[in-house]
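The chain contents come next:
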Amino acid sequence: MINEIRASVEAEFAKVNALIVDQLHSDVDMVENVGQYIVDAGGKRLRPLLALLAAASVGEVTEKHIKFAAIIEFIHTATLLHDDVVDISTLRRGRPTVNSEFGNAPSVLVGDFLYTRAFQLMVQLDDMRVLKLMADVTNLIAEGEVMQLVRAGDPDTTREQYFDVITRKTAILFAAACEGAVMLSGESDETLQRMHDIGLNLGIAFQLIDDVLDYEGDPEATGKNVGDDLNEGKPTLPLIHAMSHGTCDEAALIADALRTKSADRLSEIVALAESSGGIRETRNAAVEHCERVTSALAELSSSPAKVSLEKLAEFSISRES
């Protein structure tokens, strides 16, 4: 399905990939090696794709949009490198993480390189509004990461606090991909807000499904270990719902697993997330946010890019990886 979604901006997407490869080159061997490892890992590159589709939905995709899409991917990849160090993750996209393969220090430092490379490209756009948008967004992402760290191992995390974390940590970059792209196109404030909302709700739906797949996904498809969130003590919506709708003993079992950051009783906890309706509730929430995306897209003029955005919304809640 991803290939169908890309079809309307296939040539532009190829340019983004080429720019990413070019901008990862460095005369520092460690940066070059890790950069090549990142490129070889592949990935869907949904966020830069989203930027291209947003731009195409309101007009022409320019070279500035190509650069902006690469910026979005660099910021996203930098957060992943830092995330994997903080979470002590060992597997991503079906292969060892950068920190597992090269060590924590190279992972953090190359993440810093990607952040700074993104801002070098941003300066080339020569658009102060876009620079301010991305500076603010990058700061919000960092806050989201810290909030997630603080909440790790805390079974008292509320639904509202959970949504605050995923909005900052994940959804805000989806929103920026859409908003920044149409900002570069010179669109009205009304269009900027609409595209921001499309990206934000798409990002929330995407993260909700990610949190479902952590408990019922196939590692062969997701490229990640089942139960990673539990091992990291992350109180995601399936567990928050299960604790509030299960018995005292069931809630205590989940709370203890979160506090100790242990997946030793993963099968029991997965069963509780299912029987309490936690998995269903999380999927339903994702569908609700996807419907908001669809409603906002209805305001756009018909175009191949709009059709692709509709398919991307559908993919965000039906995917298995």
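Keep in mind the model is a prediction, meaning the values are calculated, not measured.

Quick notes on the rules
- Residues numbered from 1 in each chain as written.
- Predicted model: local features only at pLDDT ≥ 70, side-chain atom pairs only at ≥ 80, totals over all residues.
- Heavy atoms only, no water.
- Core = buried A, V, L, I, M, F, W, Y, C linked by side-chain atoms within 4.5 Å.
- Buried < 20%, exposed > 50% of the residue type's maximum accessible area, 1.4 Å probe, protein only.
- Contact = heavy atoms within 4.5 Å.
- Helix = DSSP H or I, 4+ residues; strand = E, 2+ residues; numbered from the N terminus.
- Salt bridge = Lys/Arg side-chain N within 4 Å of Asp/Glu carboxyl O.
- Phe/Tyr/Trp six-rings, centres within 6.5 Å; stacked < 30°, edge-to-face > 60°.
- Lys NZ or Arg CZ within 6 Å of the ring centre and 35° of its normal.
- Axes fitted to C-alpha atoms, helices over the stretch in contact; angles between N-to-C directions.
- Parallel < 35°, antiparallel > 145°, perpendicular 65-115°, else oblique.
- Nonpolar A, V, L, I, M, F, W, Y, C, P; charged D, E, K, R; others polar.
- Left-handed = near helix turned anticlockwise from the far one by under 90°.
- Polar contact = N/O pair within 3.5 Å; in protein donor to acceptor, adjacent residues only side chain to side chain.

Q: How would you summarise the nonpolar core if you had to cite specific residues and measurements?
A: In this structure, Phe68, Ile75, Met134 and Leu208 are the most contacted members of the largest nonpolar core, which totals 86 residues. If near-sequence neighbours (up to four positions away) are discounted, Leu208 is found in contact with Tyr162, Phe163, Ile166, Leu237, Thr282, Ala285, Ala286 and His289. Of all hydrophobic cores here, the second largest spans 19 residues; its members include Leu239, Ala242, Ala251 and Ala273.

Q: How would you summarise the environment of Ser267 if you had to cite specific residues and measurements?
A: With respect to the helices and strands, Ser267 occurs in helix 15 (residues 266–275). Ser267 sits in the exposed class, given a relative accessible area of 60%. C-alpha of Ser267 to C-alpha of Ser302: the two residues are 35 residues apart in sequence and 46 Å apart in space.

Q: I'd like a description of the pattern of salt bridges, backed by residues and values.
A: Enumeration according to the criterion identifies 17 salt bridges in this entry. Ionic pairing is found between Arg92 and Asp84, a salt bridge with its closest N-O pair at 2.8 Å. Take Asp84: its relative accessible area is 4%, and that puts it in the buried class. Of the charged contacts, one joins Glu288 and Arg292 as a salt bridge, the two residues approaching to 2.7 Å between their closest N and O atoms. Residue Glu288 and its partner Arg292 are located together in helix 16 (residues 278–297), separated by 4 residues, close to a single helical turn. The class of Glu288 is partly exposed, set by a relative accessible area of 40%. Classification of Arg292 as partly exposed rests on a relative accessible area of 40%. Where salt bridges share partners, they join Asp87, Glu232 and Lys234 into one cluster.

Q: If you had to explain the packing of aromatic side chains to someone new, which residues and values would you point to?
A: In the structure shown here, the tally under the stated rule is 3 aromatic pairs. When the centroid spacing of 5.3 Å and the interplanar angle of 75° are considered together, the rings of Tyr162 and Phe163 count as edge-to-face. Look at Phe174 and Phe206: their rings are 5.5 Å apart centre to centre, the planes differ by 40°, and that puts the pair in the tilted class. One end of the pair, Phe174, is in helix 9 (residues 159–184); the other, Phe206, is in helix 10 (residues 189–216), with 32 residues separating them in the sequence. The class of Phe206 is buried, set by a relative accessible area of 9%. Directly above the ring of Tyr37 sits Arg95, whose terminal nitrogen or CZ lies 3.9 Å from the centroid. The cationic tip of Arg319 hangs over the ring face of Phe206; the distance from NZ or CZ to the ring centre is 3.7 Å.

Q: So, the packing of helix 10 against helix 17 (residues 304–318): which residues are in play, and what are the values?
A: When two helices pack together, their arrangement is given by the angle between the helix axes and the distance between those axes. Packing of helix 10 against helix 17 leaves a shortest axis separation of 8 Å and a crossing angle of 25°. Relative to helix 17, the element helix 10 lies roughly parallel. Listed contacts from helix 17 to Leu202, Ala205, Phe206 and Ile209 of helix 10 are Leu312, Ala313, Ser316 and Ile317. The residue makeup of the contact of helix 10 with helix 17, split by class, is 7 nonpolar, 1 polar and no charged.

Q: Explain the packing of helix 2 (residues 10–23) against helix 5 (residues 63–87) to me, and be specific about the residues and the numbers.
A: The interhelical angle for the contact between helix 2 and helix 5, taken along N-to-C directions, is 55°, at an axis separation of 9 Å. By the angle class used here, helix 2 and helix 5 are oblique. The element helix 2 and its partner helix 5 pack so that their crossing is right-handed. Only Glu63, Ile66, Lys67, Ala69, Ala70, Glu73 and Phe74 of helix 5 make contact with helix 2, whose side of the interface consists of Glu12, Lys15, Val16, Leu19, Ile20 and Gln23.

Q: An account of the side chain of Gln207 is needed here, citing residue identities and associated values.
A: Relative to the elements of secondary structure, Gln207 occurs in helix 10. Polar side-chain contacts of Gln207 include one of 2.7 Å to the side chain of Thr170. When sequence neighbours within four positions are dropped, the list of residues in contact with Gln207 reads Ile166 and Thr170.

Q: Which residues make up unusual backbone geometry, and what values go with them?
A: Positive phi, close to 55°, is recorded for Arg45, a residue that is not glycine. Looking at where Arg45 falls in the secondary structure, it is placed in the loop between helix 3 (29–41) and helix 4 (46–58). A positive phi angle, near 50°, is found at Lys261, a position not held by glycine. Inspection of the secondary structure assignment puts Lys261 in the loop between helix 14 (248–260) and helix 15. Taking the relative accessible area as the measure of exposure, Lys261 reaches 38% and is therefore partly exposed.

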